[in-house]
Every structure is written in C-alpha cells, then in structure tokens.
Amino acid sequence: MLRIHFSELDLARTRLADAPDPMWEVASSLHRLQTGHGRRAHGRWHADVMRTLRGTSLGRAVRTLLLPLFPRARYFPDFLTPGEGAAGLDAALEAILAAPERRVADEIARLDTRRRGHSPLRALTGLENRRHLTTTLRAYHQAVIEPVAGQMQDVFDSERSVRIRHSLDGGVDGLLCGLGPSLQWRPPVLQVLDHVDDRDVYLDGRGLHLVPSYFCWQRPVTLSDPALPQVLVYPLLRTAADHVAAHPEQALEALIGGSRASVLAACMAGATNGEIARRAGVSAGTVSYHTRTLREAGLISSRRDAETVLHTVTQLGVELMRPTR
C-alpha cells in the first residue's frame, strides 16, 4: 500500500489535470501491450495497433527500445514522464531531451540492474540517442495514441466533470473521494491499496497532481522518486454508459428536431437529467429518450455517479454544434 500524506497546504495545492498526459498515456499503452490485463476493454485498439506495427520499423523500435524502457514492472525511469507533459507532447519530449545526463544514467542503471555487461539503453545518456528516442516516441504517439484521442478525451472530460462537481460540492474532500476502488481517502492520508510497493510519501507542501488515464488499468501509478513533484495517475472508470454505438450514422438520422438540439446544448457544461429537463423545458421521460439517442449517436457521454447520471458533450457533439453556436 502507498500512503500519501497531506498537510493543509497540500490540500490547497492539489489539482486535477485538464487534459490527458501524453507520456503517461504512452507508458500505460505500452503496458497494455505487455499483458492481457485490460485486453477486453481495449480489444479493438490492441488489434489495430498490432496491424499497424507488424513488420514496420516502428514495430521493431517498440520491441527493442520502448518496451525495455517501459516495462510493466515495479519501476521504469521517471524522466520519461516529465511534469511538462501537462502542456502537451512537444513540451514532454523537450523535457526528456533536457533531462540531466547524470539523472538519466542513474535511472537507466536502476532499470538495468538485472542486466550484465553493457546495455544499449545506457546509450540514452547521449543527446543524439535521446533525440532518436524522442523521434520514436513521437511516431508511436501518432500511430498508437492519436487514433483514439477523441474517445480518450471524451472519457477524460466525463471524469473531469464528475470530479469538478464533487470538488464544488465537497471541496478537496469531495475531489479525493470516489477516485476508484484502489484509492481510499482517510484524511489526511490518501491510501493507494493496489500499489507495487509499500511506502509513505509526504507531500510537504507540494500538493498532488491527479492525472486520470485512459490506458492505465486497475493499478494507480506514481513517480518513484519522492523528491519530485508528486503525481498520481489513476485509471478512468468505465461503465456501461460509456458505450458508443458501432454505427453512429444510423442513430444520427434520428437527430432531428428542436427538443433534441436543446438537450444537446444543455449538456455542454455537463448536466444531470433533472438539470437538462429544467434547461431544455422538457419532461424527465423526454430527457431519457433524447439522451439515449444522443449517446448512441456518439454526441454525448454519460457517466453514472452515485444516484445520478452526468451527461457531457463529446468532441463529435461539439463539432456538430459549432456552426450553430
């Protein structure tokens, strides 16, 4: 179990990511390629990735460079998931290039403790070899992550809407409650039950950066070095309400009429059935019918939270509404 200890200042400085972190998604997606855990949830993605990488130079680079660097194990180097990733892929790759040589050498050596003799990974202390690494990471992100970026963002936005509501209603206590079955908030300690090791982390006024992850599966992940700004990457919960129809164009044909458009507009900032009914001026039964049609069309995402269901607009829904906004 990991125990994260908060002070009052830490509670004030705890924050939630506003977008998926590209390098944490790269790391977690590489872990999904190394195990059958989560295969059912990511089955179609996994099959597409295997077809994309098979017999290609990128596929060889994934096997010989990326998988050894990101093992599904107790440890992989912290410099590969820099905090700059919050600003996007370009900023993350620049931070990897700028990592001090001594730090890179130490973290690679820790990763390679079981290897004997010279390891090719140790060459990453050199700037040119790290340039090759960042080029490979960019190509991997483009081929493997970007095809599901829209779906990833939709699930992320749904989670963020739930967390923001909990934060508004209950402050940081509300934010830290209900993050998932592996996380328990026992003030002033956040317990990570299913963690790779047993230790205590004291935030010491730095706060905690919460990062929901699309590809993270069941077990939350943290940085190994307690001296770094602390991050907690936790899996996005998936429910039956996350389902999107296989043929959304058929459902889109039903998307005709002013009432349904009003329901879609009411979901822009995230809304429950009752809130939609008030905003759109329709009955609760009508809301349920319209939200089901909108969800099947891929225009909204619905997430059950306790006794309510929160509806948020997907990127497709945003694009559909853009000409009328």
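Rules and cut-offs
- Residues numbered from 1 in each chain as written.
- Predicted model: local features only at pLDDT ≥ 70, side-chain atom pairs only at ≥ 80, totals over all residues.
- Heavy atoms only, no water.
- Buried < 20%, exposed > 50% of the residue type's maximum accessible area, 1.4 Å probe, protein only.
- Helix = DSSP H or I, 4+ residues; strand = E, 2+ residues; numbered from the N terminus.
- Arc of directions from axis to C-beta.
- Contact = heavy atoms within 4.5 Å.
- Pairing = 2+ DSSP bridges.
- Axes fitted to C-alpha atoms, helices over the stretch in contact; angles between N-to-C directions.
- Salt bridge = Lys/Arg side-chain N within 4 Å of Asp/Glu carboxyl O.
- Core = buried A, V, L, I, M, F, W, Y, C linked by side-chain atoms within 4.5 Å.
- Parallel < 35°, antiparallel > 145°, perpendicular 65-115°, else oblique.
- Nonpolar A, V, L, I, M, F, W, Y, C, P; charged D, E, K, R; others polar.
- Disulfide = S-S within 2.5 Å.

1. What to know about helix H10 (residues 258–266)
- Of the positions making up H10, those classed as buried are Arg 260, Val 263, Leu 264 and Ala 266. Down the axis of H10, the smallest arc covering the buried residues is 160 degrees, so these residues share one side.
- Where the residues of H10 are buried, they touch helix H11 (273–280), helix H12 (284–296), strand S9 (300–305), strand S10 (308–313) and helix H13 (315–321).

2. Overview of the sheet that holds strand S1 (residues 2–5)
- Within the open sheet, the 4 strands sit side by side as S3-S4-S1-S5. Their pairing is mixed. On the outer flanks of this sheet lie strand S3 (183–186) and strand S5 (199–202), each paired with one strand and no other. Here the average twist between neighbouring strands, direction ignored, is 20 degrees.

3. A look at the environment of Leu 299
- Structurally, the position occupied by Leu 299 is in the loop between H12 and S9.
- Taking the C-alpha atoms as reference points, Leu 299 and Ala 123, separated by 176 residues in sequence, lie 47 Å from one another.

4. Considering the pattern of salt bridges
- In total, this model carries 11 salt bridges according to the counting rule given.
- Across the salt bridge formed by Arg 3 and Asp 198, the nearest N and O atoms sit 3.1 Å from each other. Remark: Asp 198 occurs in the loop between strand S4 (189–192) and S5 and Arg 3 occurs in strand S1; sequence separation between them is 195 residues.
- Take Asp 198: its relative accessible area is 55%, and that puts it in the exposed class.
- When the shortest N-O distance is used, the salt bridge between Asp 106 and Arg 102 registers 2.8 Å. With Asp 106 and Arg 102 both in helix H6 (residues 101–111), this residue pair falls 4 residues apart, about one helical turn.

5. Considering the nonpolar core
- Judged by nonpolar contacts, the single largest core of 48 residues is most densely connected at Met 23, Leu 69, Phe 70, Leu 133, Leu 137 and Tyr 140.
- Looking at this core, the elements that each hand over two or more residues are helix H2 (22–32), helix H3 (43–53), helix H4 (57–69), helix H5 (89–98), H6, helix H7 (127–145), helix H8 (149–176) and strand S8 (231–235).
- When residues no more than four places from it in sequence are discounted, the contact partners of Leu 69 are Phe 76, Pro 77, Leu 80, Ile 108, Leu 111, Leu 121, Leu 124 and Leu 133.

6. Remarks on the packing of H10 against H12
- It is at 10 Å that the axes of H10 and H12 come closest, and there the two elements cross at 75 degrees. Put simply, H10 runs roughly perpendicular to H12. The residues of H12 that touch H10, namely those facing Ser 259, Arg 260, Val 263 and Leu 264, are Tyr 289, His 290, Thr 291, Thr 293 and Leu 294.
- Split by residue class, the contact of H10 with H12 holds 4 nonpolar, 4 polar and 1 charged.

7. Comments concerning the packing of H2 against H7
- It is the contact of H2 with H7, at a shortest axis distance of 11 Å, that shows an interaxial angle of 70 degrees. By the angle class used here, H2 and H7 are roughly perpendicular. Only Leu 137, Tyr 140, His 141 and Ile 145 of H7 make contact with H2, whose side of the interface consists of Pro 22, Met 23, Glu 25, Val 26, Ser 29 and Leu 30.

8. Quick look at the state of the cysteines
- Here the structure, examined in full by the defined rule, presents 0 disulfides.
- Between Cys 216, a free cysteine, and Cys 177, which holds the nearest cysteine sulfur, the sulfur-to-sulfur gap is 20 Å.

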